[in-house]
Each structure stands twice: as C-alpha cells, then as structure tokens.
Amino acid sequence: MPAKSPVIVDLKFIPQEVEDGLKGAFPGREVINLADPAHNGRDLSGIDYAVVWKSDPDLFSRAPDLKVVFSGGAGVDHVLTLPGLPDVPLVRFVDRSLTTRMSEWVVMNCLLHLRQHRAYEARAKAHIWEDLSQPEAADITVGVMGLGVLGQDAIAKLRVMGFKTVGWSRSKKVIEGVETFAGDELDAFLGRTDILVGLLPLTDETRGIFDAGLFSKLSRNGPFGAPVFINGGRGGSQVGADIAAALESGVLGGASLDVFEQEPLDKDSPFWEMDNVYITPHVAASSDVRALFAHAEQQMQRFESGLPLQHLVDRKAGY
Ligand SMILES: NC(=O)c1ccc[n+]([C@@H]2O[C@H](COP(=O)([O-])OP(=O)(O)OC[C@H]3O[C@@H](n4cnc5c(N)ncnc54)[C@H](OP(=O)(O)O)[C@@H]3O)[C@@H](O)[C@H]2O)c1
C-alpha cells in the first residue's frame, strides 16, 4: 500500500489550539504545520492536501501539486480569494457541533428579543420591578435567509421553541411545516418576517444584501411593531450604516450581530452603545479544530478510496 500523502496545515487560528488539536489527528500521515518554524523554506511539492484558513500568500506556489484543499471554516469567502488558489476540489467544513452551536446562538438571540431581555436588564440595574407585555414564540414569525446546513438546523430548533418560521434560499427548498421562498420571492418572504435571521454565505450576490431597502420591507405586524435583524452569516452581507440608521429611526426595533463588515468591530462603532443591540465577536459557531481535522481525514480517506468528496464548494456560485 502506498504511503499516505502528508497534509499541510496553515490555519491562522489560536496556535496552541491547532497544536493541541493535531495530537493524534491524521494517523499515518506526516503533518506539516506551517506555524512551526521548523518548516520554514521546506519543499512542499508532491503533497496532496492542505487545510487552510487565511493561509500564507505563497502557500500555493510552494505547494504546486495539491489535489484537494480543505477550508478551515464553513464559509469559504476567505479561501476563494487566496492568491494562487489552485483549480482543484475545495471542501468546506461541515460539522455537527458547529451546526448545533450556531443554532444555539440563533435561538438564544430570538429568545432574548422575544423576552425583551435588554429592557429587563436595564430595569434590574435601576432596581425597577415592572412587567412588560409577554407575547409567546408562536406570536412571532422568524424568517431565515439561507436554508443550507445552518439555516435548516436553526429552523428545526426554532420550531421546537414554538416560533413560526419561513425561509428563503437561492433554489426552492421543501421543508415540512415551513413555508419556503426562493430567488425573486424575497419581498413576499420579508413581508412575513418579524425576526430576520441571516445565515447566508458571502458571495457576489449576497454582498450588501441586508440594507435599508430590505429592512423597510420587513413585517411591522409582529407583537413589538418593529422587526429585529439577527446576522450570524457574514458581515460583508450587511450594510452597517443602514443597520445603525434603521435602529435609530425605528425601522428596526433591535439587532443581534455576530459579524461585521470590518472585524474586529471598531471601538467607536455606534453598535456597542445601542440599547437593543447584542454584539458578539464572530463567535456564533467557531470551528473546533479536532472536529475539523477528523472531517478532513475522513474526506482524504474517501478520496483515496475513489469515493466522491463531500461538501464540495461550487466555485462559480461562491459557496
Ligand atoms: N458566525 C459564525 O461563527 C459562522 C460560523 C459558520 C458559518 N458561518 C457562515 O454561515 C454561512 C452559511 O453556512 P451553511 O453551512 O449553512 O452554508 P450552505 O449549506 O452552503 O447554505 C447556504 C445557503 O444560502 C443560500 N444562498 C446562497 N446564495 C444565495 C443567494 N444569492 N440567494 C439566496 N440564497 C442564497 C443557499 O441556497 P441554495 O440552498 O439554493 O444553495 C443555501 O440555502 C457560511 O457560508 C458562513 O459564511 C458563520
């Protein structure tokens, strides 16, 4: 049996986490972790695989024989723009734990807005004992933009909590018990949506899609009168200035943002101070490196056995 190809790892994650995650990963393969200075200047020709996230600009010229590239994240917008990315299959990261954690973040934020948590926090700080109106989840329709791995799991879990759900994607999806919309049915979808959840990849088509025009089409018939915007997808899909203006003017009643056009979010951004805005630093669903390496090894074994690779990126569509 031929020796297994080594694997190059070039992940700009927390270095110690990568080092720890590599212990016991990729059994029977040499691992070339480029964070280790011992590999500086090493000849990387003849190597089949690379697992990358924000890799070095010269990686692909140093490793000219790659057969498969693995993205360190579920999104591939960073990978598709890497200089010299070879025209070989690109596999993105799909993982049960990542999916579950994104759904936790989505459900938590829908509940925070439903239960008017910020208003109660403010009252608690001021020692004010006062109740507010209390609609239930079933009074609210959550509209999810992006019905892929993450969007569909989020919808399933929102439904467990009792929320009504609708969804929008590029191609029409059939999801039992959920009204779905596709492509140019966007306005109809928005008109049904009280809480909008963004779980879209960043592509040429989705860049800047969450803007003033879109927010103005959201339903205002929900129990709080004004819609809420929650984005766990990519910051490049939103126009931050439009979100801030919509929150100021009351077009939006609240927001939860995990992603931003510029990350880290500027210390002077108005979002930090806004009353009904929850900010998290792009942590809705971080990649777990052990799971990432297990997923990459599984796909390498499929590839070496002649089975088709899974979770392939459609480069033309950009996700
Ligand atoms: N904040 C975080 O921590 C974090 C963590 C992981 C991932 N993410 C982001 O979440 C994104 C979604 O992940 P996923 O695994 O669910 O991706 P996925 O399985 O590829 O699903 C993407 C969904 O978006 C839809 N879509 C793409 N372009 C569209 C367009 N132009 N118009 C309408 N719908 C469009 C797709 O439509 P079709 O179904 O018709 O193809 C699909 O339903 C990732 O790309 C990543 O950017 C964020």
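Just so you know, these numbers come straight off a predicted model, no measurement behind them.

Both faces of strand β11 (residues 254-257) are covered, namely the face carrying G254 and S256 and the face carrying A255 and L257. Sheet analysis places strand β10 (residues 228-231) next to β11, joined by 4 bridges and oriented parallel. From the neighbouring strand, V228 faces β11, where its bridge partner is G254. In the classification by handedness, the crossover that spans β10, the intervening helix α9 (residues 240-249) and the parallel β11 is right-handed. Pairing geometry for β11 and strand β12 (residues 277-279), over 3 bridges, is parallel. Its bridge partner being in β12, L257 is matched across the sheet by I279.

Let us now look at the site of the ligand. Near the ligand you find 28 residues, and of these G75, G148, L150, R170 and P201 are the closest. The element contributing the most residues to the shell around the ligand is helix α6 (residues 149-160), with 3 residues.

Looking at the chain, the domain boundaries give domain 1 (7-95 + 287-304) and domain 2 (96-279). The gap between the C-alpha centroids of domain 1 and domain 2 is 33 Å. Across the side of domain 1 that touches domain 2, the residue classes tally to 3 nonpolar, 2 polar and 3 charged.

A few words now on the sheet that holds β10. Pairing within the open sheet is parallel, and its 7 strands lie in the order β8-β7-β6-β9-β10-β11-β12. Both edges of this open sheet fall to β8 (179-182) and β12, since each of them pairs with a single strand only. Within this sheet the neighbouring strands show an average axis-to-axis angle of 15°, counted without direction. Pairing of strand β6 (residues 141-145) with strand β9 (residues 195-198) involves 4 bridges; the strand directions are parallel. By the bridge assignment, V142 is partnered in β9 with I195. Across the sheet, helix α4 (residues 96-114) touches β6, β9, β10, β11 and β12, and the angle it forms with β10 is around 160°. On the sheet, α6 packs against β6, β7 (164-169) and β9 and is oriented at approximately 170° with respect to β7.

Quick notes on the rules
- Residues numbered from 1 in each chain as written.
- Predicted model: local features only at pLDDT ≥ 70, side-chain atom pairs only at ≥ 80, totals over all residues.
- Buried ≥ 20, exposed ≤ 12 C-beta atoms within 10 Å, placed from the backbone.
- Helix = DSSP H or I, 4+ residues; strand = E, 2+ residues; numbered from the N terminus.
- Pairing = 2+ DSSP bridges.
- Right-handed = clockwise from strand over helix to strand, strands pointing away.
- Near = placed C-beta within 6 Å.
- Domains from an automatic or database assignment.
- Nonpolar A, V, L, I, M, F, W, Y, C, P; charged D, E, K, R; others polar.
- Axes fitted to C-alpha atoms, helices over the stretch in contact; angles between N-to-C directions.
- Contact = placed C-beta atoms within 7 Å.

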